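So you can see what is in the structure, the chains are spelled out below.
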There are 2 protein chains.
Amino acid sequence: MAANTIALSISSNLAASKHLNSLQTRGLIPPPTISFPLASAKSKAGDLSLSSTTVSRSPVRASASQLINEPVHDKQRSMNSPTVVQVDLGNRSYPIYIGAGLLDQSELLQRHVHGKRVLVVTNERVAPLYLDRTIDALTRGNPNVTVESVILPDGEKYKDMDTLMKVFDKAIESRLDRRCTFVALGGGVIGDMCGYAAASYLRGVNFIQIPTTVMAQVDSSVGGKTGINHRLGKNLIGAFYQPQCVLVDTDTLNTLPDREMASGLAEVIKYGLIRDAEFFEWQEKNIEALLARDPAALAYAIKRSCENKADVVSQDEKESGLRATLNLGHTFGHAIETGFGYGEWLHGEAVAAGTVMAVDMSYRLGWIDESIVERVNNILKRAKLPTTPPESMTVSMFKSIMAVDKKVADGLLRLILLKGPLGNCVFTGDYDREALDATLRAFSKC
Amino acid sequence: MAANTIALSISSNLAASKHLNSLQTRGLIPPPTISFPLASAKSKAGDLSLSSTTVSRSPVRASASQLINEPVHDKQRSMNSPTVVQVDLGNRSYPIYIGAGLLDQSELLQRHVHGKRVLVVTNERVAPLYLDRTIDALTRGNPNVTVESVILPDGEKYKDMDTLMKVFDKAIESRLDRRCTFVALGGGVIGDMCGYAAASYLRGVNFIQIPTTVMAQVDSSVGGKTGINHRLGKNLIGAFYQPQCVLVDTDTLNTLPDREMASGLAEVIKYGLIRDAEFFEWQEKNIEALLARDPAALAYAIKRSCENKADVVSQDEKESGLRATLNLGHTFGHAIETGFGYGEWLHGEAVAAGTVMAVDMSYRLGWIDESIVERVNNILKRAKLPTTPPESMTVSMFKSIMAVDKKVADGLLRLILLKGPLGNCVFTGDYDREALDATLRAFSKC
């Protein structure tokens, strides 16, 4: 989601707050004490499940380092050097710059612009806040560059083909050629759509990600997954297409609504659960600091999330196995987003409820201790995220939407489930179907 | 274009024949005898023009060989072994099989199918002729494979986003997962749309090309260019995405309308002009045999065209230079297709007129002898192709449409022009603008 503003309108503010209250009064339905024998859960040779050992966190290969400070421009508000996390993909490698005030360091952005023409893709919420500064950063001291912009409506429900066509229309009407650069300025929806437009326009032009939400900064802007939704399912049409760089200006989070803030934390928590127990433990100590936008806590969480993401993507760009683990809670979550209506819940809210469901199912399978179930529920509640799906979701809605998930292979739905000590997971289609059914029944109406 | 049938309706037959007659009464307007000094045409260091030496035909690297005959199935009508031309692209290499009756050799097709689910994308003309045989070839002796099909309306004017969405709708409604295979059964429009759908569906699934027109068999099915048109220009949205194999059953040409037959020959003639003088000379001796569908002549022309295409694509998959030379006549031709209305002329008809314009401009620049201009005009007329654009095209229509061509770079329109002896060309933006203007004025109204 790409909402990014100080003031919501009164009516939507009220609606959001009422909505959150209703979520918070509904806790996790405790799992029954049935435990499935571990034997039934063991992987068979040849399927795509990964052993806990394989999936647990390997030493982070992506490097984080401080750039030598660029010469400070008169107009630069900040003298901070960015932290750099490198995404290592051979000749498609690129840096993620993380720091405060980076939007004012025009040097950083300009070194990644190809050609003389730029198209900034943004939305109605972000444009009034950051479009002028972005255009200034792109053109300052560089009068040969001209910038066009296209301002899309805001929200997941516009992540569709009709809205994508507006980007193509603008690019073609502006006669942008193959040597242009697309810039995504906004949250995950904008990044996904701009990236897919860049992948497809003239069969591929360069692009840059400037994520302005926690969700986009810690997850969606990194790794080259781009795409749009179909009315029958999330992200079903798209491309793997890597940006030239990702520029994370942490100052942009100052204008992020609280609900968007919390939504992004669902993905931060995910990294801890699937591969970084130490990071999860840090989050347990710092979740309120993150919600309060403590700059040091946020900078650390973003950097460590990007390191985890970059490490996974470097090992498995096209999601042949390992990368799928980044989708913990997402299969359930996508079903919520699609079934409840795109944009009704934020992506991270749906992922939070989906994570609780995946953890519940892992526990039913006997793969994790009850203490993990409790810790996951606790941290998500403290992050003010939902821990159950919307009441209108039914078992059959979950089943029919999950059947078109991209992780279905030869008719078998593969899931990311926790297994073993905190920080370990598996990606597998080899689980007792009864456990899935029991989880769906426990969390939704029949 | 993907029309592929024995009988057109009477009305469309009449319209087509009237249309062709009107084309044939209009010859090339002879170029004025102004010759530009060669000095003005020399390439500057650093631009993208390629010297004649670079672009002239290098030894064909793609190998053509006979496959050892597969065990002959009862139902197989033909025992012909296919000719194989390999497209050499590292781990994305694939074979082009060329031969009569290959659609009945189910082994060939089945070895390239991934997963158990197949979606055949075809159109209303081709489906009645070849869909059942294709499904039979995919499933014979292989009951685990299930085949869905989507039948699109026929014609260039349907190569758009709305029609593409029908492919996604069918794939999603059929719950096809990442392990499925898309099969393009038809001409260039079907191949381009099915390929782009395969590139984008779930961020990429496998696909196979079964081209059923000369145009698709000698050109569009090979090399991985996929995409759709935008109302403002041809092929502006798409992807580079390679198939698993290309299966050219030359028997499918028996049902091709004469106008489609001629259209495909425009691309065959192109290979001779840009890089294979010997092939052009062969065509001058055999053009009537090709029009009469002489099987040996057709088989040779298809094989040699595919060898040329495979060689160029292997050297420059993403069109950073050399590959652009395959677009001789296409910048002018795309302007005709877009300006005159998609589908009014077949692609090869527009390319034929565009080729005459490119050759005319090359002559005005003093880059080729008059004899080449005459030979190009003669062979295109013998192939029953137009040698001038439609009368309604104006200079300003050409200019405004050509300004959004994919070969524009930093505002400069680069063109493929002949230069030197037969079989040599350049791809360059370094030409006298007056020559372009003179060609446009000579071939269209002001």
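- As annotated in an unreviewed UniProt entry, chain A carries the name 3-dehydroquinate synthase, chloroplastic and comes from Arabis nemorensis.
- Entered under Pathway (unreviewed entry) in the UniProt record, the comment concerning chain A runs "Metabolic intermediate biosynthesis; chorismate biosynthesis; chorismate from D-erythrose 4-phosphate and phosphoenolpyruvate: step 2/7."
- UniProt, in the comment section headed Function (unreviewed entry), describes chain A in these words: "Catalyzes the second step in the shikimate pathway."

**Let's talk about the overall build of chain A**
- Scanning chain A from N- to C-terminus turns up 15 helices and 14 strands.
- For chain A, with 446 residues in total, the buried portion stands at 64%.
- Nonlocal contacts in chain A, meaning residues at least 24 apart in sequence, comprise 77% of its contacts between residues at least 6 apart.

**What to know about the pairing of strand β13 (residues 415-418) of chain B**
Residue and element names in this part refer to chain B.
- Going residue by residue along β13, you find Leu415 and Leu417 tucked away on one face and Ile416 and Leu418 tucked away on the opposite face as well.
- Summarising the sheet, β13 and strand β14 (residues 425-428) pair through 4 bridges and their orientation is antiparallel. Each residue of the ladder has a partner; that of isoleucine 416, found in β14, is phenylalanine 427.
- Between β13 and the antiparallel strand that follows it, β14, lie 6 residues; glycine 420 among them carries a positive phi value of about 95°.

**Points about the UniProt feature "domain: 3-dehydroquinate synthase C-terminal" (unreviewed entry) in chain A**
- UniProt feature "domain: 3-dehydroquinate synthase C-terminal" (unreviewed entry): in the numbering of this structure it lies at residues 264-408 of chain A.
- The span residues 264-408 of chain A shows a helical share of 68% and a strand share of 1%, and its end C-alpha atoms are spaced 26 Å apart.

**Structural notes on the relation of the copies chain A and chain B**
- It takes a turn of 180° to lay chain A on chain B, together with a shift of 0.0 Å along the axis; the resulting RMSD is 0.0 Å. Viewed as a symmetry operation, the transformation between the two copies matches a two-fold axis. Of the C-alpha atoms belonging to chain A, the one lying closest to the rotation axis is found on A:Met161, 4.1 Å away.

**Side note on the packing of helix α11 (residues 330-340) of chain B against helix α12 (residues 347-364) of chain B**
Residues and elements named next belong to chain B.
- α12 packs onto α11 with a crossing angle of 135° between their chain directions and a minimal axis gap of 7 Å. Between α11 and α12, the angle falls in the class oblique. For the crossing formed where α11 meets α12, the hand is right-handed. The residues of α12 that touch α11, namely those facing His330, Phe332, Gly333, His334, Ile336 and Glu337, are His347, Ala350, Val351, Ala353, Gly354, Met357, Ala358 and Met361.
- Of the residues assigned to the contact of α11 with α12, the class counts are 8 nonpolar, 5 polar and 1 charged.

**Digging into the pattern of salt bridges**
- Enumeration according to the criterion identifies 56 salt bridges over all chains in this entry.
- One salt bridge connects A:Lys270 with A:Glu267, and the closest N-O pair in it is separated by 2.8 Å. Of this pair, A:Lys270 and A:Glu267 both sit in helix α8 (residues 258-275), separated by 3 residues, roughly a single helical turn. For the residue pair A:Lys270 and A:Glu267, the accessibility class agrees, reading buried in each case.
- Across the salt bridge formed by B:Arg293 and B:Asp258, the nearest N and O atoms sit 2.8 Å from each other. Remark: B:Asp258 occurs in helix α8 (residues 258-275) and B:Arg293 occurs in the loop between α9 (277-291) and α10 (295-315); sequence separation between them is 35 residues.

**A few points about the interface of chain A and chain B**
- Between chain A and chain B, the residue contacts involve 40 residues of the former and 40 residues of the latter.
- Buried surface at the junction of chain A and chain B, both sides included, amounts to about 3,900 Å², of which 55% is carbon and sulfur.
- On the chain A side of the interface with chain B, the three residues burying the most area are A:Arg178, A:Arg203 and A:Asp410, jointly 21% of the side's total.
- Put simply, chain A and chain B have 6 salt bridges between them.
- A salt bridge links B:Asp169 to A:Arg231, with the nearest nitrogen and oxygen atoms 3.9 Å apart.
- Linking chain A with chain B are 15 residue pairs in polar contact (both at pLDDT 80 or more), by the criterion used here.
- Contributions of two or more residues to the side of chain A that touches chain B are made by α5 (161-173), α6 (188-200), β8 (225-230), β9 (233-240) and β11 (408-409) of chain A.

**A few points about the packing of helix α14 (residues 395-402) of chain A against helix α15 (residues 433-443) of chain A**
Residues and elements named next belong to chain A.
- Where α14 meets α15, the closest approach of the two axes is 9 Å, and the angle between their N-to-C directions is 130°. The angle between α14 and α15 falls in the class oblique. Along its contact with α14, which presents Val395, Phe398, Lys399 and Met402, the element α15 presents Leu436, Asp437, Leu440 and Arg441.
- Per-class residue counts for the contact of α14 with α15 are 5 nonpolar, no polar and 3 charged.

Reading the values: rules and limits
Residues numbered from 1 in each chain as written. Chains lettered and ligands numbered in written order. Predicted model: local features only at pLDDT ≥ 70, side-chain atom pairs only at ≥ 80, totals over all residues. Heavy atoms only, no water. UniProt positions renumbered as here; feature names shortened; annotations may be inferred. Helix = DSSP H or I, 4+ residues; strand = E, 2+ residues; numbered from the N terminus. Buried < 20%, exposed > 50% of the residue type's maximum accessible area, 1.4 Å probe, protein only. Contact = heavy atoms within 4.5 Å. Pairing = 2+ DSSP bridges. Least-squares fit on C-alpha atoms with pLDDT ≥ 70 in both. Axes fitted to C-alpha atoms, helices over the stretch in contact; angles between N-to-C directions. Parallel < 35°, antiparallel > 145°, perpendicular 65-115°, else oblique. Left-handed = near helix turned anticlockwise from the far one by under 90°. Nonpolar A, V, L, I, M, F, W, Y, C, P; charged D, E, K, R; others polar. Salt bridge = Lys/Arg side-chain N within 4 Å of Asp/Glu carboxyl O. Buried area = accessible area lost by both parts, 1.4 Å probe. Polar contact = N/O pair within 3.5 Å; in protein donor to acceptor, adjacent residues only side chain to side chain.

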